[in-house]
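Notes for the structure review
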Amino acid sequence: MASVQYGYRYGDRNLVSLPVKASETWEAGDAVKLSSGFLAKCGAGDSVYAIAFDAVPTAPSANGDLSVLVDLSTDSVYEWPVGTGTISQAMQGQTCDISGSQGLDVTASADDCILIVKPNVSANTALIQIRPAATGVV
């Protein structure tokens with residue numbers, strides 16, 4: 001579950017309403033991905049597409065029954081905790097993967113979908129920005 005102590009801090013947001021995949025729920029501030037063109041909550045190792053602006057407390061019964069706002073901006077800055085590993089000052093300006101819907105895996109860089117803007121070594125958190133990877137249609 002997302003914590004209110006973490007989440008959006010500053011920067012320009014680009015809020016877009018997109019359809020939700022059936023059976024999905026999440027909290028505002030969670031990372032979401034695309035699954036067959038619908039939003040789904042990210043898990044460890046997933047590539048982040050956007051950050052949820054709206055919570056989805058009740059899962060829709062069919063794909064697209066619900067649309068919610070998500071932040072697609074790479075200028076928005078969020079604070080997230082480290083879920084796997086330990087943050088260090090040397091990681092500033094580097095990229096990493098996620099450990100869950102609102103956590104960093106600073107031991108992995110397969111997707112590199114998160115940019116570490118500013119580490120907080122004492123709290124084991126970081127200010128971050130998303131770096132979604134686009135893929136071709138064919």
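Residue indices begin from 1 for each chain and proceed along its sequence in written order. Only residues with pLDDT of at least 70 are given local features in this predicted model, and only at 80 or more are side-chain atom pairs given and counted; all residues enter the totals for whole chains, interfaces and linings. Heavy atoms from the whole structure form the basis of all side-chain values; hydrogens and water molecules are not counted.

Quick word on the pairing of strand 11 (residues 125-130)
Counting buried positions over the 6 residues of strand 11 gives 6, a clear majority of the element. Exposed residues in this analysis have more than 50% of their type's maximum accessible area, buried residues have under 20%, and partly exposed residues fall in between, with area computed by a 1.4 Å probe over protein chains only. Here a helix means four or more residues in a row that DSSP labels H or I, a strand means two or more in a row labelled E, and each is numbered from the N terminus. Of the two faces of strand 11, both are covered, the one formed by Thr125, Leu127 and Gln129 as well as the one formed by Ala126, Ile128 and Ile130. Pairing geometry for strand 7 (residues 77-84) and strand 11, over 4 bridges, is antiparallel. Within strand 11, the residue paired with Tyr78 across the bridge is Ile128. Paired strands, in this sense, are two strands between which DSSP finds at least two bridges.

Comments concerning the pairing of strand 3 (residues 31-35)
As judged from the 2 bridges shared by strand 3 and strand 5 (residues 50-52), these two strands associate in the antiparallel manner. Looking across to strand 5, one finds that Ala31 is bridged to Ile51. Between strand 3 and strand 4 (residues 38-41), which pair antiparallel one after the other, the connecting turn spans 2 residues, and Ser36 there sits at a positive phi close to 55 degrees.

Points about the sheet that holds strand 5
What the 5 strands build is an open sheet, ordered 2-6-5-3-4; its pairing is antiparallel. Whereas interior strands pair on both sides, the edge strands pair on one side only; in this sheet they are strand 2 (15-19) and strand 4. Across this sheet, the average inter-strand angle for adjacent strands is 50 degrees, counted without regard to direction. As paired elements, strand 5 and strand 6 (residues 67-71) share 2 bridges and run antiparallel to each other. In the strand pairing of strand 6, Ile51 is matched with Asp71. Helix axes are fitted only over the stretch in contact, all axes being lines through C-alpha atoms; the angle between N-to-C directions runs from 0 to 180 degrees.

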